[in-house]
Amino acid sequence: MDPHSRFSPFNSRQPKAGPTQRRTMEAPPLKILENPLENPKKKPSSSRQSSSSASLHISRPIATNSRIKQDEQFRKDMHLAFVTDALTKKARGISDTFDELVDQFNLKKTASDTPSPAPQLRLWIIALSNVVSRLERCHSPLIEAVVSMPWTTMDTSFVKSYTSFIGMLVSAKPEYLGTVLGKLAQGFTYQSGLQALDARFPESSTTPLTRRVVYDRIHYLLRHLLSLVPTLPSTLQPLLVQYFPHKRQSQAAQVTYIRNLLQVMEYCPELADRILATIIDRAIQIDVEIQVEMEELEEQLGQEESEVFDFDPFDTIVGQEGEQSDSDTDSGDGDNLSDLSSDAGGGDDNSDIDHPELETDFKHVHEMVNKLDAILKNVFDYFNQANGNASVSGISTPSSEIPLTPLDTPESAPPLGPEESKAHRRAQFYTLLSIFDRIILRTFKSRYTQFLVFWYASLDPEYADVFQGMLVSKALLEEDQPAVTRAAAASYIASFVSRAQFVDRENTRRVMACLCNFLKNRLDIFDAIAQSGAPPPSMAHHSIFYAVAQAVFLIFCFRWRDLIHDPEEVDETASSGAPPSKWMPELEVLRRVVMSELNPLKMCSSNVVMQFAKVAHSTDFLYCYSIIEANKRSEFAPSSGEEQTNISTHPRGPMIHPSIFASSMHTELNTFFPFDPYKLPRSSAYIQGVYREWSSVAIDEEEEEEDEGYEEGADFVLTQARPVSRQSASSEGTDGLGASFGGMSISPVHPAPVASMPMSVS
């Protein structure tokens, strides 16, 4: 054996450290080769195998989701390519592909087991969002189909995509703003929820779709558009008026649309004045048709109560109100809202023709009463909520769903501070006062709508003072106003001061002083003209005189305790020897007014005159029964030409014969008491706490013999003022005059043709 061989026994000595160390360093690579993941010959342990298998199962969904995202993106690209091709071909005059695209948004009825079309429609909406700038006028049928689809009944993801697309559309193509806003305004109507009945989409959520959710989605979209288009209010306002329900439509239709309009006022203050004026104008149209006393209406209909207003239309489930909607519609034209609303302002022209039928159609009047009650209650609720929370808040409660807008939830306005809240209430009051001047004051025969101003004036003494100042200025100072407007203002100031509990003693005396000074000035002018032999003033001057005199009589009946210098030291039923100085000095002119040749006791409302005579005699202020008796005898006295010529010299005859007096003004003086007792059942809660009833100020004493002698005459005149059944007239008993005075009405049985026309500035 070769001694130098590795296997020689001479080489079996212990190796040196260096080579040994080097061989030791080479050992690890040999061990790495034995890794079971790389050496298939060695079977791995069961634990490692299970761990590897688990890791594979965990990573598999990631790959699946990735493929799903890729497939979704592929579908989006395919839809985008189809939309782009359809728009391009349509621009070239080829409509086949474009018509197929439009047909995708013309949804038809589907079976309940059919998948919801919302996911597919969402892909089309997303594709359209990428080509908004390419939409031209020739593509308007597509925009009409998209805007007209029932998007509010879809799922939340579709609503978000739809809201985003509409926002981009009106920003890039302003010519479509009117089309979009028209559909949104129509969506506020009660009939808009019926679109779900035609679509019959499968339920995509366990929560039922209510009208509240549908309307909230429209408000979110409208709020989003308002943030994008600052000039939107000018386009929206006429559309809101156009789709306002006609007065013949159901109570639910009126309430639904008005509540939506009140909510629009919150985030669009630029339209607050015009929206509120529109609501009040529609309330006036219904109000003037209610010319029957509530007591008589209840007698004719028994104890029947309206059940329509007992449910909240916002909480009804979409698709379950079909029968109710059909029954509430008076005619088959209920769906054509624009046609119904177009002639809403001209309803007064037909009121003269239909008035005789309305007097006997108590069921129709009962429906109108319920509508007006519901409208006023919603407006009262809005005012009360706005003033009570120091910031305008929504009428409808928030829905339980998440916000259905691509933007973040619009943050509610921070609570206003004391000064900001006061400024907001003041601005709202002046808005309401302006509407009163433009609409309510110039409309004859309204019974309840004016109580909106009555209630709002009770919130602050400043408001009541401003309201009284406006009425006094209209009646006494603004001589350029029509006589009928000035007479109406005098009736309003008299009724307001008499009935408002929040009008204190100082304001009552101030108003009475203004009215009495006006009467004194008119008497001075009249006496000067009579002494000079000049022609007498025009009839308009006398009509204002009688209106103001009747206002003074009425205020005296209700507030005579506040017209005494020191009411604590004076008994209510003063003796005949009481000093006249107990009354405020301005009242002294009333003696001259009553004794004047103009004879206001003959021309004013007999009901007011009789009550004034009773109170004035009981308080030892003035004795009027002799003049009333003379006026009564003169009505039955024979009149010849010679007697009429000398009628001005008669101590108790009027210088102007009653036949010369305008019939419309005479009717107004006898029948118009704006703040008569409030009889609407549901909204009356707002008036009860601030309203003065006649029973609280009437003098408690036995009827005098003089009053009994004129009770029959008072009932006769009262019958001209309002319909009274024989049973109610005979049941008044000894207190018939006071009871009738507490329920004075503005409803003549046989109104003059002019009386049914609204006042207008000529």
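In this text, all values refer to a predicted model and were calculated from it rather than measured experimentally. (Residues numbered from 1 in each chain as written. Predicted model: local features only at pLDDT ≥ 70, side-chain atom pairs only at ≥ 80, totals over all residues. Heavy atoms only, no water.)

1. Focus: the overall build of the chain
Moving on, step 1. For the chain, the helix and strand inventory stands at 34 helices and zero strands.
Moving on, step 2. Taking all 762 residues of the chain together, the buried fraction comes to 48%.
Moving on, step 3. For the chain, restricting intrachain contacts to residue pairs at least 6 apart in sequence, the fraction spanning at least 24 positions comes to 82%.
Moving on, step 4. Working note: accessible area of the chain is about 37100 Å², and carbon and sulfur atoms make up 52% of it. (Helix = DSSP H or I, 4+ residues; strand = E, 2+ residues; numbered from the N terminus. Buried < 20%, exposed > 50% of the residue type's maximum accessible area, 1.4 Å probe, protein only. Contact = heavy atoms within 4.5 Å. Areas by Shrake-Rupley, 256 points an atom, 1.4 Å probe, with all protein chains shown as cover.)

2. Comments concerning the nonpolar core
Moving on, step 1. The biggest cluster of nonpolar side chains holds 178 residues, and the ones touching the most others in it are Phe105, Leu142, Tyr162, Phe556, Leu587 and Phe612.
Moving on, step 2. Sort the elements by how many residues they give to this core and helix H23 (residues 539-559) lands first, with 14 residues.
Moving on, step 3. The contact partners of phenylalanine 556, leaving out residues within four places of it in the chain, are Leu563, Trp583, Leu587, Phe612, Val615, Ala616, Thr619 and Phe621. (Core = buried A, V, L, I, M, F, W, Y, C linked by side-chain atoms within 4.5 Å.)

3. Observations regarding a negative patch on the surface
Moving on, step 1. A contiguous patch of negative charge on the surface is contributed by Asp96, Asp99, Glu100 and Asp103.
Moving on, step 2. Since its relative accessible area comes to 56%, aspartate 96 is described here as exposed. (Patch = residues over 30% accessible without salt bridge, like charges linked within 9 Å, V, L, I, M, F, W, Y side chains within 5 Å. Salt bridge = Lys/Arg side-chain N within 4 Å of Asp/Glu carboxyl O. Lys, Arg positive; Asp, Glu negative; His and termini not counted. Charge placed at Lys NZ, Arg CZ, Asp CG, Glu CD.)

4. Some points on helix H9 (residues 211-228)
Side chains that are three or four residues apart share a direction in an α-helix, a result of its 3.6 residues per turn.
Moving on, step 1. Compared with the 26 Å implied by 1.5 Å per residue over 18 residues, the 26 Å span of H9 between its first and last C-alpha is a close match.
Moving on, step 2. In terms of burial, H9 is largely enclosed, as 14 of its 18 residues are buried. (Expected span 1.5 Å × (residues − 1).)

5. Things to note about helix H6 (residues 156-172)
Moving on, step 1. With 17 residues, H6 ought to run about 24 Å at 1.5 Å a step, and its terminal C-alpha atoms sit 25 Å apart, in line with that.
Moving on, step 2. What H6 keeps buried is the set Phe158, Val159, Ser161, Tyr162, Thr163, Phe165, Ile166, Gly167, Leu169 and Val170.

6. Some points on the confidence of the model for the chain
Moving on, step 1. Here the chain averages 74 in pLDDT, while 60% of its residues score no lower than 70.
Moving on, step 2. Below pLDDT 50 for its whole length, residues 389-411 participates in 50 contacts with residues either more than four positions away or in separate chains.
Moving on, step 3. This stretch, residues 702-740, has a pLDDT under 50; its non-local contacts, to residues over four places away or in other chains, come to 56 contacts. (pLDDT = per-residue confidence, 0-100.)

7. Remarks on the packing of aromatic side chains
Moving on, step 1. For the structure shown, the criterion picks out 37 aromatic pairs.
Moving on, step 2. A centroid spacing of 5.2 Å and a plane angle of 75° characterise the contact between phenylalanine 436 and phenylalanine 467, whose relative ring orientation is edge-to-face. Here phenylalanine 436 is found in helix H18 (residues 418-440), whereas its partner phenylalanine 467 is found in helix H20 (residues 461-477), with 31 residues between them in sequence.
Moving on, step 3. For phenylalanine 436, a relative accessible area of 0% translates into the label buried.
Moving on, step 4. Here phenylalanine 556 and phenylalanine 612 contribute two aromatic rings whose centre-to-centre distance is 5.4 Å and whose plane-to-plane angle is 70°, an arrangement assigned as edge-to-face. (Phe/Tyr/Trp six-rings, centres within 6.5 Å; stacked < 30°, edge-to-face > 60°.)

8. Comments concerning the state of the cysteines
Moving on, step 1. Applying the stated criterion to the full structure yields zero disulfides.
Moving on, step 2. For cysteine 514, which is in no disulfide, the shortest distance to another cysteine sulfur is to cysteine 516 and amounts to 9.5 Å. (Disulfide = S-S within 2.5 Å.)

9. Looking at the packing of H6 against H9
Moving on, step 1. In contact at an axis separation of 10 Å, H6 and H9 are set at 30° when each is read in the N-to-C sense. In terms of orientation, H6 lies roughly parallel with respect to H9. Relative to H9, the crossing made by H6 is right-handed. In this structure, H6 uses Thr156, Val159, Tyr162, Thr163, Ile166, Gly167, Val170 and Ser171 to contact H9, whose residues at the interface are Arg217, Leu221, His224, Leu225 and Leu228.
Moving on, step 2. Here the residues of the contact of H6 with H9 are counted per class, giving seven nonpolar, five polar and one charged. (Axes fitted to C-alpha atoms, helices over the stretch in contact; angles between N-to-C directions. Parallel < 35°, antiparallel > 145°, perpendicular 65-115°, else oblique. Left-handed = near helix turned anticlockwise from the far one by under 90°. Nonpolar A, V, L, I, M, F, W, Y, C, P; charged D, E, K, R; others polar.)

10. Describing the environment of valine 552
Moving on, step 1. Of note, valine 552 is situated in helix H23.
Moving on, step 2. Among the residues examined, valine 552 registers a relative accessible area of 0% and is labelled buried.
Moving on, step 3. In this structure the C-alpha to C-alpha distance between valine 552 and leucine 590, which are 38 residues apart in sequence, comes to 8.6 Å.
Moving on, step 4. Contacts of valine 552, omitting those with residues within four sequence positions, involve Met512, Leu515, Cys516, Leu519 and Leu590.

11. What to know about the environment of serine 446
Moving on, step 1. Relative to the assigned elements, serine 446 resides in the loop between H18 and helix H19 (451-457).
Moving on, step 2. For serine 446, a relative accessible area of 0% corresponds to the buried category.
Moving on, step 3. Expressed as a C-alpha distance, the spacing of serine 446 and glutamine 291, which sit 155 residues apart in the sequence, is 8.9 Å.
Moving on, step 4. A polar contact is formed between the side chain of serine 446 and the side chain of glutamine 450, at a distance of 2.9 Å. (Polar contact = N/O pair within 3.5 Å; in protein donor to acceptor, adjacent residues only side chain to side chain.)

12. Examining the environment of glycine 182
Moving on, step 1. As for its placement among the helices and strands, glycine 182 is situated in helix H7 (residues 177-187).
Moving on, step 2. The sequence separation of glycine 182 and threonine 235 amounts to 53 residues, and the corresponding C-alpha distance is 9.2 Å.
Moving on, step 3. Look past the residues within four positions of glycine 182 in its chain and what remains in contact with it is Leu239 and Tyr243.

13. Observations regarding the packing of H9 against helix H10 (residues 232-242)
Moving on, step 1. Following both chains from N to C, one finds H9 and H10 inclined at 140°, their axes separated by 9 Å at the closest point. Compared by their axis directions, H9 and H10 come out oblique. Listed contacts from H10 to Leu222, Leu225 and Leu226 of H9 are Leu232, Pro233 and Leu236.
Moving on, step 2. A class-by-class count of the residues in the contact of H9 with H10 yields six nonpolar, no polar and no charged.

14. Considering the pattern of salt bridges
Moving on, step 1. For the structure on display, the rule yields 20 salt bridges.
Moving on, step 2. For glutamate 136, the salt bridge identified is with lysine 173, shortest N-O distance 3.8 Å. Note that glutamate 136 is positioned in the loop between helix H4 (118-129) and helix H5 (140-148) and lysine 173 in the loop between H6 and H7, a separation of 37 residues in sequence.
Moving on, step 3. Residue glutamate 136 is classed as partly exposed on the basis of its relative accessible area of 40%.

15. Describing unusual backbone geometry
Moving on, step 1. One non-glycine residue with positive phi stands out, namely asparagine 599, at about 50°.
Moving on, step 2. Looking at the element boundaries, asparagine 599 is found in the loop between helix H24 (589-595) and helix H25 (600-603).
Moving on, step 3. Look at asparagine 599 and you get buried, because its relative accessible area is 0%.
Moving on, step 4. One non-glycine residue, aspartate 620, lies in the positive phi region at around 60°.

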